[in-house]
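# Analysis of the macromolecular model
Listed here are the chains, written in short residue letters.
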Amino acid sequence: MSTRRSTLQVLEGRFAVCRLGPAEAVPAGLIESAFVSLTRTPDELSIVCPESEAPPDSRCETGWRRIRVRGSLDLAETGVLAALAAPLAEARISFFALSTFDTDYLLVKERDLSAALAALTRSGHRIQE
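Residues numbered from 1 in each chain as written. Predicted model: local features only at pLDDT ≥ 70, side-chain atom pairs only at ≥ 80, totals over all residues. Heavy atoms only, no water.

### Brief notes about the overall build of the protein chain
- Scanning the protein chain from terminus to terminus reveals two helices and seven strands.
- Listing each helix as α and each strand as β along the protein chain from the N terminus yields β-β-β-β-α-β-β-α-β.
- For the protein chain, the residues scored as buried account for 40% of the 129 residues in total.
- A separation of at least 24 residues holds for 68% of the contacts in the protein chain among residues at least 6 apart in sequence.
- Carbon together with sulfur atoms contributes 49% to the accessible area of the protein chain, which is approximately 7400 Å² in total. (Helix = DSSP H or I, 4+ residues; strand = E, 2+ residues; numbered from the N terminus. Buried < 20%, exposed > 50% of the residue type's maximum accessible area, 1.4 Å probe, protein only. Contact = heavy atoms within 4.5 Å. Areas by Shrake-Rupley, 256 points an atom, 1.4 Å probe, with all protein chains shown as cover.)

In structure tokens, the structure reads:
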């Protein structure tokens, strides 16, 4: 079990995780969103975006909230997501992880947010208001 502890911040807004076909175009204007993640594979185009900007003709799951790991992480740093995933798994809370060059994000369903924060706090992570 990892002993890595992070300072976490719950961010505002509700988000959608959407799936489009692998050859579909990124919907116009979506790339201009303040927070968007696009991943294209041979099998799909996955989009994480504000619920209000979810592509209408896509398969979407809505109701996600974002938790950000505060500060910049070194790309060589290990165990960050493992230290977050373990307490959530123990609490039986699913999440969707996103990593950027600077940091990591967890998306949890809004209905699970309080329980997720409690599980993360119990495991030693700090929640910044």
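### Topic: the pattern of salt bridges
- Within this structure, the stated rule accounts for four salt bridges.
- Across the pair glutamate 110 and arginine 14 runs a salt bridge whose closest N-O atoms are separated by 2.4 Å. Residue glutamate 110 is located in the loop between strand 6 (104-109) and helix 2 (113-122), and its partner arginine 14 is located in strand 1 (residues 7-20); the two are separated by 96 residues in the primary sequence.
- By relative accessible area, which is 36% here, arginine 14 ends up partly exposed.
- What you see here is one network of salt bridges that share partners, running through Arg14, Glu51, Arg65 and Glu110. (Salt bridge = Lys/Arg side-chain N within 4 Å of Asp/Glu carboxyl O.)

### Thoughts on the nonpolar core
- Of all hydrophobic cores here, the largest spans 13 residues; its most connected members are Leu8, Ile67, Leu84, Leu88, Val108 and Leu120.
- Sorting the residues of this core by element identifies strand 4 (59-69), helix 1 (80-90), strand 6 and helix 2 as the ones contributing at least two each.
- Take this core: its biggest share by element is four residues, from helix 2.
- Residues in contact with leucine 120, not counting those within four places in the same chain, are Leu8, Ile67, Leu84, Pro87, Leu88 and His125.
- Judged by nonpolar contacts, the second largest core, of nine residues, contains Leu11, Phe15, Trp64 and Leu98. (Core = buried A, V, L, I, M, F, W, Y, C linked by side-chain atoms within 4.5 Å.)

### Things to note about a nonpolar patch on the surface
- The grouping of Val26, Ile31 and Leu38 at the surface amounts to a nonpolar patch, some 220 Å² of accessible area in total.
- Mapping isoleucine 31 onto the fold places it in the loop between strand 1 and strand 2 (37-40).
- The exposure class assigned to isoleucine 31 is exposed, which follows from its relative accessible area of 51%. (Patch = residues over 30% accessible without salt bridge, like charges linked within 9 Å, V, L, I, M, F, W, Y side chains within 5 Å.)

### What about the state of the cysteines?
- Across all of its chains, the model carries one disulfide by this definition.
- Cysteine 18 shares a disulfide with cysteine 60; S-S distance 2.2 Å. On the sign convention where negative is left-handed, the bridge of cysteine 18 and cysteine 60, at about 105° about the S-S bond, is right-handed. You can see cysteine 18 sitting in strand 1 and its partner cysteine 60 sitting in strand 4, a full 42 residues away along the chain.
- Here cysteine 49 is not cross-linked by a disulfide; its sulfur's nearest cysteine counterpart is in cysteine 18, at 4.6 Å. (Disulfide = S-S within 2.5 Å.)

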